[in-house]
Amino acid sequence: MEVKCIIFDCDGVLVDTEKIGNGILLSMAAEHGFEMKLEDAYRDFNGRNLKECFLHIENAIAKKLPESFENEYRQRSFEAFKTQVKPMEGVLKFINKLKIPYCVASSGPVDKTRLNLEVAGLLDKFENKIYSSYEINSWKPEPGIFLHAAKEMGFDVQDCIVIEDSKAGVISGITGGFKVYGFANGFNNEDLEKEGAILFSSYEELSGILGF
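None of the values given here were measured: they were computed from a predicted structure.

Rules used in this analysis
- Residues numbered from 1 in each chain as written.
- Predicted model: local features only at pLDDT ≥ 70, side-chain atom pairs only at ≥ 80, totals over all residues.
- Heavy atoms only, no water.
- Helix = DSSP H or I, 4+ residues; strand = E, 2+ residues; numbered from the N terminus.
- Rg over C-alpha atoms; globule rule 2.2 N^0.38 Å.
- Contact = heavy atoms within 4.5 Å.
- Buried < 20%, exposed > 50% of the residue type's maximum accessible area, 1.4 Å probe, protein only.
- Pairing = 2+ DSSP bridges.
- Core = buried A, V, L, I, M, F, W, Y, C linked by side-chain atoms within 4.5 Å.
- Right-handed = clockwise from strand over helix to strand, strands pointing away.

Visitor: How would you sum up the overall build of the protein? Please name residues and give values.
Guide: Looking only at helices and strands, one finds twelve helices and eight strands in the protein. Rg of the C-alpha trace for the protein: 17 Å, near the compact-globule value of 17 Å for 212 residues, within the 12% margin. Once the C-alpha set of the protein is aligned to its principal axes, its extents read approximately 50 × 35 × 30 Å. Long-range contacts, defined here as pairs at least 24 residues apart, represent 67% of the contacts in the protein between residues at least 6 apart.

In structure tokens form, the structure reads like this:
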């Protein structure tokens, strides 16, 4: 296929946030009796909306989390992201070489995505090209967000590729009919490949695969 447009996920693909966000969530959940290893959080939580993650925790501990849990998590992670977020290694060089349109499609709210991109020094690359599940009320693994991004960018599904790092995100892209490239981080390799993603472990490798 001739790639005419690239749709990036944000967290774990453009910006290195997954360790920060999952670490805060596991720390807070531990206060309510929930235990999970970080590598399991990568597999079970990445790419999903917060309510699904909270429901997973509540089912495991057999009780409801406090009503204040979500706001506290958002506040603590927001503060951490403001100072700790970094771009994924090699992503800026990869983007600067692109000769085709690209955008970002995230399950997170627009303000969170913008903040992460800004702190990582990437916001100027994605201005007016940020699409959020919150805008269309459809979250991964549903295909809606990627279909929405392709439509807004003016391309057919078969002309776009999706770059993801989560099982839910790969399912979303494959279900939507996209060719999906999975950013393997050591925790997610088996899950991404099983769902149909073409694996890569660095942007240098992806550049070689795509011939960019």
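Visitor: Tell me about the pairing of strand E4 (residues 102-106), and name the residues and values.
Guide: Within E4, five of the five residues are buried, leaving the element largely enclosed by the surrounding structure. Burial of the side chains of E4 extends over both faces: Tyr102, Val104 and Ser106 are buried on one face and Cys103 and Ala105 on the other. In this structure, strand E1 (residues 5-8) lies alongside E4, joined through three bridges in parallel fashion. Across the sheet, the residue bridging to Ile6 is Tyr102, located in E4. Bridging between E4 and strand E5 (residues 130-132) involves three bridges; their strand directions are parallel.

Visitor: Help me get a handle on the nonpolar core, residues and values and all.
Guide: Nonpolar side chains tend to gather and get buried jointly when the protein is soluble and globular. Within the largest apolar cluster, 49 residues are counted, with the highest numbers of intra-cluster contacts made by Ile6, Phe8, Leu14, Leu117, Phe126 and Tyr203. For this core, the leading source of residues is helix H1 (residues 18-30), giving six residues. Apart from the residues lying within four places of it in its own chain, the contact partners of Leu117 are Cys10, Leu14, Val15, Val104, Leu122, Leu123, Phe126 and Ile130. Counting residues in hydrophobic clusters, the runner-up holds 17 residues, among them Cys103, Ala150, Met153 and Cys160.

Visitor: Quick one: what's the story with unusual backbone geometry, residue by residue and with numbers?
Guide: Here Lys140 and Pro141 are connected by a cis peptide whose omega angle stands at 15°. Looking at the element boundaries, Pro141 is found in the loop between helix H8 (133-136) and helix H9 (144-153). Within the chain, Ala62 stands out as a residue other than glycine whose phi angle is a positive 60°. By the secondary structure assignment, Ala62 is in the loop between helix H3 (50-61) and helix H4 (69-84). By relative accessible area, which is 70% here, Ala62 ends up exposed. A positive phi angle is found at Asn137, which is not glycine, with a value near 55°.

Visitor: So what's going on with the pairing of strand E7 (residues 179-183)? Which residues, and what values?
Guide: Every other side chain in a regular strand lies on the same face of the sheet, so the side chains alternate between the two faces. By the criterion of burial, E7 is predominantly enclosed, with four of the five residues buried. Note that strand E6 (residues 160-164) and E7 share four bridges and pair parallel. Bridge pairing in E7 places Ile161 opposite Lys179. Handedness of the β-α-β unit built from E6, helix H10 (residues 167-175) and E7 comes out right-handed.

These results come straight from atomic positions and should not be treated as a statement about function.
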